[in-house]
Number of protein chains: 2
Amino acid sequence: MKVCVLFSGGKDSSLSAIILKNLGYNVELVTVNFGVVNSYKYAKETSNILNMPHKVLCLKDTIILQKCKDIILKDGFPSNGIQYLHREVLNIVSKEYDIIADGIRRDDRVPKLTHGEIQSFEMKNNVEYISPLMGFGHKTIRKLINQHFIISEKESEDLLKSDYETEIRELIRLDRKNPLDYFPTHIQSRVIGLK
Amino acid sequence: MKVCVLFSGGKDSSLSAIILKNLGYNVELVTVNFGVVNSYKYAKETSNILNMPHKVLCLKDTIILQKCKDIILKDGFPSNGIQYLHREVLNIVSKEYDIIADGIRRDDRVPKLTHGEIQSFEMKNNVEYISPLMGFGHKTIRKLINQHFIISEKESEDLLKSDYETEIRELIRLDRKNPLDYFPTHIQSRVIGLK
């Protein structure tokens, strides 16, 4: 059974991929890129560490990252924009894969789909959607991460990652605005080795 | 890391246990028994198949099964009673284990804790609570079950299992009432082998 794991190279999507691989899935790590920054290369490095195949899904020709950025600039905070973007990405990926997974955790606020949205997404697109970390709390995940991975932690401005945020920040900069006015400073992490 | 997996011998708690074992946990399968029917023996058989240690937690001296049965008789349906019972069991188990897991799935209605209840439960008792199947839908789980287990499926009146329902049904019978008036007929399953 092939599963597309939406993959940022971060610890959560890496842990999700490991859970699914252990269950017997044929995992394909997929990093979405919007053509703004070639940040997918960091995820590719992590995919090599995990020893799992990696693909870049180029969504350069869509307007969804622009729309996401506009929502964030209008709101003054990123949650609704990120939520919008993740939903759109899921819809696009569902055209190519029958089983789609992500690294969303129980205690995440966004992106997160409601139970109703998940059921509707699965039925409309005839796909299975899996969030392997949905039943795991942040303390549990922190311990699992420490057990499985060597990670690099830095503030989000400094860490080069392959998540949505990297390209959104760049789009905001191109608008001559400061990403720090919209994104709270937080510690980001990248998997740089296995234990 | 030792984890107590609340274990009925059914496919869901078996799959949960496998996910946790694959993540490196030291899994202890724990079957709660209220001294009404010695139904725990079916879970013990399954634990042998899974090759994981099994313990019976005897709660004979508590009144929670009686209270659960009373709620069900008053309501005329089982959901609130089962919900009450699972919460009480989690509280009791949290006195003995630091990490507690169950087989609750994304699409289950009961027993299920809200996000707020989970966080409160973890903080009050200083435990971690894991529901490894919370991010998996019923279709996905059905496929995983078929891939991993040989199962026996029967209607709930006929299948000898170690879940809460078996003992609740017996208590209702002892009250000279018919469990079929309270529990909908549904197909139950037991793991009888590995693939």
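Along each chain, residues carry numbers from 1 onward, in the same order as the chain's sequence is written. Starting at A for chains and at 1 for ligands, labels are handed out in the order in which the entities are written. In keeping with the predicted nature of the model, local features appear solely for residues at pLDDT of at least 70, side-chain atom pairs appear and are counted solely at 80 or more, and the whole-chain, interface and lining totals rest on all residues.

1. Regarding the confidence of the model for chain A
The line we're drawing: A residue's pLDDT is simply how confident the predictor is in it, with values from 0 to 100.
In the predicted model, chain A carries a mean pLDDT of 94, and 98% of its residues have values of at least 70. For this predicted complex, the interface score ipTM comes out at 0.95, alongside a pTM of 0.96.

2. Topic: the packing of helix 1 (residues 11-22) of chain A against helix 6 (residues 138-148) of chain A
All names here are of chain A. Quick reminder of the rule: Helix axes are fitted only over the stretch in contact, all axes being lines through C-alpha atoms; the angle between N-to-C directions runs from 0 to 180 degrees. To qualify as a helix, a DSSP run of H or I must reach at least 4 residues; to qualify as a strand, a run of E must reach at least 2; elements of each kind are numbered from the N terminus. Here roughly perpendicular refers to angles of 65 to 115 degrees, roughly parallel to angles under 35, roughly antiparallel to angles over 145, and oblique to all remaining angles. For every residue pair, C-beta atoms are placed from the backbone, and the pair is scored as a contact if these atoms sit within 7 Å. Throughout this entry, Asp, Glu, Lys and Arg are counted as charged residues, while Ala, Val, Leu, Ile, Met, Phe, Trp, Tyr, Cys and Pro are counted as nonpolar. The remaining residues, Gly among them, count as polar.
Between helix 1 and helix 6, the shortest axis-to-axis distance is 11 Å and the interhelical angle comes to 75°. The pairing of helix 1 with helix 6 is recorded here as roughly perpendicular in orientation. Where helix 1 approaches helix 6, its residues Lys 11, Leu 15 and Ile 18 are matched on the opposing element by Ile 141, Leu 144, Ile 145 and His 148. The class makeup of the residues in the contact of helix 1 with helix 6 is five nonpolar, one polar and one charged.

3. Regarding the interface of chain B and chain A
It is common to give the size of an interface as the accessible area lost on bringing the parts into contact. Across the boundary between the two partners, chain B contributes 22 residues, which contact 22 residues of chain A. For the side of chain B that touches chain A, the secondary structure elements donating two or more residues are helix 1 (11-22), strand 5 (128-130) and helix 6 (138-148) of chain B. If one sorts the elements of the side of chain B that touches chain A by residue count, helix 6 of chain B sits on top with five residues. Of the residues that constitute the side of chain B that touches chain A, the class distribution is 10 nonpolar, seven polar and five charged.

4. Examining the environment of A:Ile99
Residues and elements named next belong to chain A. Take Ile 99: it is sitting in strand 4 (residues 99-101). With 94 residues separating them in the primary sequence, Ile 99 and Val 5 have C-alpha atoms 8.7 Å apart. Dropping the residues within four chain positions of it, Ile 99 is found in contact with Met 1, Lys 2, Val 3, Cys 4, Val 127, Glu 128 and Ile 130.

5. Examining the sheet that holds strand 5 of chain B
Across a sheet, paired strands are connected by hydrogen bonds in the backbone, their directions being either parallel or antiparallel. Residues and elements named next belong to chain B. Under the convention used in this document: DSSP calls a pair of strands paired once it identifies at least 2 bridges connecting them.
An order of 3-2-1-4-5 is seen for the five strands of this open sheet, with the pairing classed as parallel. Single-partner strands in this sheet number two, and they are strand 3 (54-58) and strand 5. The mean angle between the axes of side-by-side strands here comes to 30°, regardless of whether they run parallel or antiparallel. Sheet analysis places strand 1 (residues 2-6) next to strand 4 (residues 99-101), joined by two bridges and oriented parallel. Among the inter-strand pairings, Val 5 is bridged to a residue of strand 4, identified as Ala 101. Packed onto the sheet, helix 4 (residues 79-93) meets strand 1, strand 2 (26-33), strand 3 and strand 4 and runs at close to 155° relative to strand 1.

6. Regarding the relation of the copies chain B and chain A
Put simply, the rule is: When the copies are superposed, the least-squares fit draws on C-alpha atoms of residues that have pLDDT of at least 70 in both.
Turning chain B through 180° and shifting it by 0.0 Å along the axis lays it on chain A, with an RMSD of 0.0 Å. Such a turn and shift between the copies fits a two-fold axis. Residues of chain B ranked by C-alpha distance from the rotation axis are headed by B:Met134, positioned 2.8 Å from it. Looking at chain B, 100% of its interface residues are interface residues in chain A too, so the copies touch through the same face.

7. Remarks on the sheet that holds strand 1 (residues 2-6) of chain A
All names here are of chain A. With parallel pairing, five strands are arranged side by side in an open sheet as 3-2-1-4-5. For this open sheet the edge positions go to strand 3 (54-58) and strand 5 (128-130), each flanked by a neighbour on one side alone. Going across the sheet, the axis of each strand differs from the next one's by a mean of 30°, ignoring polarity.

8. A short note on helix 1 of chain B
Residues and elements named next belong to chain B. Rule in force here: How far a helix is expected to stretch is found by multiplying one less than its residue total by 1.5 Å. Three exposure classes are used, all based on how many other C-beta atoms lie within 10 Å of a residue's own C-beta (placed from the backbone): buried at 20 or more, exposed at 12 or fewer, and partly exposed between those limits.
In this model helix 1 runs 16 Å from its N-terminal to its C-terminal C-alpha over 12 residues, within 8% of the 16 Å that 1.5 Å per residue would give. The buried fraction of helix 1 is high, at 10 of 12 residues. Taken as a whole, helix 1 has its buried residues at Lys 11, Asp 12, Ser 13, Ser 14, Leu 15, Ser 16, Ala 17, Ile 18, Ile 19 and Leu 20.

9. Details of the environment of A:Lys55
Residue and element names in this part refer to chain A. Structurally, Lys 55 can be placed in strand 3. With 17 C-beta atoms packed within 10 Å, Lys 55 lands in the partly exposed category. Separated by 125 residues in the primary sequence, Lys 55 and Leu 180 place their C-alpha atoms 30 Å from one another. Among all residues touching Lys 55, those that are not within four sequence positions of it are Glu 28 and Val 30.

10. Description of the packing of helix 3 (residues 64-75) of chain B against helix 7 (residues 164-174) of chain B
Residue and element names in this part refer to chain B. Applicable threshold: Crossing handedness follows the turn of the near helix against the far one: under a right angle anticlockwise gives a left-handed crossing, and clockwise gives a right-handed one.
Here helix 3 crosses helix 7 at 70°, and the two axes come no closer than 10 Å. Taken as axis vectors, helix 3 and helix 7 run roughly perpendicular relative to one another. The chirality of how helix 3 crosses helix 7 is right-handed. Across from Leu 65, Cys 68, Lys 69 and Ile 72 in helix 3, the residues of helix 7 making contact are Glu 167, Ile 168, Leu 171 and Ile 172. Residues that form the contact of helix 3 with helix 7 fall into these classes: six nonpolar, no polar and two charged.

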